Amino acid sequence: MRKTLSLLLSSMLFLTFSCTKPDNGDNTGNNDGPETSLKVGDYYSSGLVKGIVFSLDEDGEHGLVVSLDEKNLQWSTLETSVIAGAAYVSLDYGLDNVLGIKSLFDNWATAFPAVAWCSSKNPGSLNLWYLPAANELRTLLDGFAGNPGLAASMEQHSGTPLNPLSSYWSSTDGGGQIAYSYRHRADMSPDEDLYALLPKSESLPSRCICRF
């Protein structure tokens, strides 16, 4: 009985706070109208998820939102690899990395400061906000570097300015005592990258993202 109630509560929390497309502001009870269309640079507000849309799919139905704040944090205090014993480490989906860390380390909330900070934005056991994987981070920083509207939207909504030329932490483990970071450089070619494997004990800016 207790387990059933717990599962019901988790389901209610997910429906209440999930990272979904915001409503179109129609309070008449008529849900037959067109949904609000989102654009890169739009302010996104749905439940506990408030941020700036920085990436959309071709249909504009799904995309990525970045948090309004950031924090300088260590990747880990353990100086150990997450790869050992993990199913895999993703370059593309940060939530997989976060869930892997949580499953492998009982003390993840203190041993992985950047991951823990993003997770602290989530109510209960939900996983809405997370530290981006390396390629998600690249999309974020390259997007802000190439689209002044993103920075303007961040400022308009009282967000902390994001600096694409700084190295930010991703959630992608590099093995041993290093993890993936990324920074943008204006003169790099399309096939170039500026991923850097840095010591996990180093404090770097960290941003949280959410998919919808």
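Reading guide: rules and limits
- Residues numbered from 1 in each chain as written.
- Predicted model: local features only at pLDDT ≥ 70, side-chain atom pairs only at ≥ 80, totals over all residues.
- Heavy atoms only, no water.
- Buried < 20%, exposed > 50% of the residue type's maximum accessible area, 1.4 Å probe, protein only.
- Helix = DSSP H or I, 4+ residues; strand = E, 2+ residues; numbered from the N terminus.
- Arc of directions from axis to C-beta.
- Contact = heavy atoms within 4.5 Å.
- Polar contact = N/O pair within 3.5 Å; in protein donor to acceptor, adjacent residues only side chain to side chain.
- Axes fitted to C-alpha atoms, helices over the stretch in contact; angles between N-to-C directions.
- Parallel < 35°, antiparallel > 145°, perpendicular 65-115°, else oblique.
- Nonpolar A, V, L, I, M, F, W, Y, C, P; charged D, E, K, R; others polar.
- Pairing = 2+ DSSP bridges.
- Core = buried A, V, L, I, M, F, W, Y, C linked by side-chain atoms within 4.5 Å.
- Disulfide = S-S within 2.5 Å.

A. Structural detail: helix α6 (residues 148-156). For α6, the full list of buried residues reads L150, S153 and M154. For α6, the angular spread of buried residues about the axis comes to 100°, placing them on one side. Opposite the buried face of α6, at more than 90 degrees from it, the exposed residues are P148, E155 and Q156. Lining the buried residues of α6 we find β1 (43-46), β2 (49-56), β3 (63-67) and α5 (134-146). Between the side-chain oxygen at the start of α6 and the backbone nitrogen of G149 there is a gap of 2.9 Å, and the oxygen is on N147. Of the residues one or two after α6, S158 is the one with positive phi, at around 60°.

B. Inspection of the packing of α5 against α6 at higher detail. Where α5 contacts α6, the two axes come as close as 5 Å, and the packing angle between them is 95°. Compared by their axis directions, α5 and α6 come out roughly perpendicular. The residues of α6 that touch α5, namely those facing G143, F144 and G146, are P148, L150, A151 and M154. Here the residues of the contact of α5 with α6 sort into five nonpolar, two polar and no charged.

C. Representation of the pairing of β3 within the structure. Of all five residues that make up β3, five are buried, and the element is covered over most of its length. Residues of β3 alternate between two faces, with G63, V65 and S67 on one and L64 and V66 on the opposite face, all of them buried. In the sheet, β2 pairs with β3 via five bridges, with the strands oriented antiparallel. Directly across from V53, in β3, lies its bridge partner V65. In textbook terms, the turn of a hairpin is the stretch between consecutive antiparallel strands, and for β2 and β3 this stretch comprises six residues, one of which, G60, has a positive phi near 75°.

D. Broad picture of the sheet that holds β3. Pairing is antiparallel in the open sheet, where four strands are placed in the order β1-β2-β3-β9. On the outer flanks of this sheet lie β1 and β9 (209-211), each paired with one strand and no other. The mean angle between the axes of side-by-side strands here comes to 40°, regardless of whether they run parallel or antiparallel. Of the strands in this sheet, β2, β3 and β9 are in contact with α5, which crosses β2 at around 85°.

E. Representation of unusual backbone geometry in the model. The backbone of S158 shows a phi angle near 60°, a positive value even though the residue is not glycine. Classification of S158 by relative accessible area gives exposed; the value is 69%.

F. Up close: the nonpolar core. Core analysis: the largest hydrophobic core is formed by 46 residues, its most contacted members being F54, V66, W75, F112, L140 and F144. Those residues in contact with F144, other than ones at most four positions away along the chain, are F54, V66, L150, A151, M154, L162 and P164.

G. Region of the structure containing the state of the cysteines. This model, assessed by the stated rule, comprises one disulfide. One disulfide bridge connects C118 with C208, the sulfur atoms lying 2.3 Å from each other. Note on the C118 and C208 pair: the S-S dihedral is about -90°, so by sign convention the disulfide is left-handed. With a gap of 90 residues between them, C118 in helix α4 (residues 113-119) and C208 in the loop between β8 (203-206) and β9 connect regions that are remote in the sequence. A relative accessible area of 0% means that C118 is categorised as buried. Since its relative accessible area comes to 0%, C208 is described here as buried.

Geometric values such as these leave the question of function open.
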